[in-house]
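Observations on the three-dimensional arrangement
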Amino acid sequence: MKRLLLAAALATVAVSATGLAEARDNHRHDRHDQKAERDYWKDRQKAERRARKDYEKAERDYRKAVREDEKAYRRWARGQYIPVEYRQPRYYVHDYRSYGWDAPPAGYTYVRPDPQDDTYYMIELASGLVARILGD
């Protein structure tokens, strides 16, 4: 009888130990599956952030290009102000006598903002105020 009880006890322990090992393996697989799912979602969120950044950069670049195109075709009227970037020496017209123009008054200069356009402006250097439009 003792042997029978001992055998039954050992069988019970063996079965429960196998069950524990399987439960432990299943738990490992569950943790692995959960980690894989977390990694998937992290990677997906990272890809979405990267795509959003790329889109925003492309949008900024496009808007900048549009502004530059608008600036290239921009014309100013007398009394308006030319932006600061056009009040630099590279836009000055130094050979104004070849155009038959008089020297600009002190504090003024002639500028040609767009080399493809034959519109010249006499501007006040300090403020960029357009005093005259020439070459239309």
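Residues numbered from 1 in each chain as written. Predicted model: local features only at pLDDT ≥ 70, side-chain atom pairs only at ≥ 80, totals over all residues. Heavy atoms only, no water.

Trp76, Ile82, Tyr86, Tyr91, Val111, Tyr121, Ile123 and Val130 together form the largest nonpolar core, which totals 8 residues. If we skip the residues at most four places from it in the chain, isoleucine 82 touches Trp76, Arg87, Val111, Pro113, Tyr121, Ile123, Gly128 and Val130. Core analysis: the next-biggest nonpolar cluster, separate from the first, contains 7 residues, Tyr96, Tyr110, Met122 and Leu134 among them. (Core = buried A, V, L, I, M, F, W, Y, C linked by side-chain atoms within 4.5 Å. Buried < 20%, exposed > 50% of the residue type's maximum accessible area, 1.4 Å probe, protein only. Contact = heavy atoms within 4.5 Å.)

Sheet strands associate in pairs through backbone hydrogen bonding, adopting either a parallel or an antiparallel arrangement. Overall, antiparallel pairing links the 3 strands, which are arranged E1-E2-E3 in an open sheet. The two strands at the open ends of the sheet, each matched to only one other strand, are strand E1 (108-111) and strand E3 (130-134). On average, each strand axis in the sheet is tilted by 20° relative to the strand beside it, whichever way the strands run. Pairing geometry for E1 and strand E2 (residues 120-124), over 4 bridges, is antiparallel. What sits directly across from valine 111, in E2, is tyrosine 121. (Pairing = 2+ DSSP bridges. Helix = DSSP H or I, 4+ residues; strand = E, 2+ residues; numbered from the N terminus. Axes fitted to C-alpha atoms, helices over the stretch in contact; angles between N-to-C directions.)

Turning our eyes to something else, we now look at the pattern of salt bridges. Pairing between side chains becomes possible if they bear opposite charge and their charged atoms approach one another. Applying the stated criterion to the full structure yields 6 salt bridges. Arginine 44 serves as the salt-bridge partner of glutamate 48, at 3.4 Å between the closest nitrogen and oxygen. With a gap of 4 residues between them, glutamate 48 and arginine 44 both fall in helix H1 (residues 2-72), about one helical turn apart. Accessibility expressed as a relative area gives 39% for arginine 44, which makes it partly exposed. (Salt bridge = Lys/Arg side-chain N within 4 Å of Asp/Glu carboxyl O.)

All right, on to a positive patch on the surface then. A contiguous patch of positive charge, built from Lys46, Arg49, Arg50, Arg52 and Lys53, is present on the exposed surface. Its relative accessible area of 45% is what places lysine 46 among the partly exposed residues. (Patch = residues over 30% accessible without salt bridge, like charges linked within 9 Å, V, L, I, M, F, W, Y side chains within 5 Å. Areas by Shrake-Rupley, 256 points an atom, 1.4 Å probe, with all protein chains shown as cover. Lys, Arg positive; Asp, Glu negative; His and termini not counted. Charge placed at Lys NZ, Arg CZ, Asp CG, Glu CD.)

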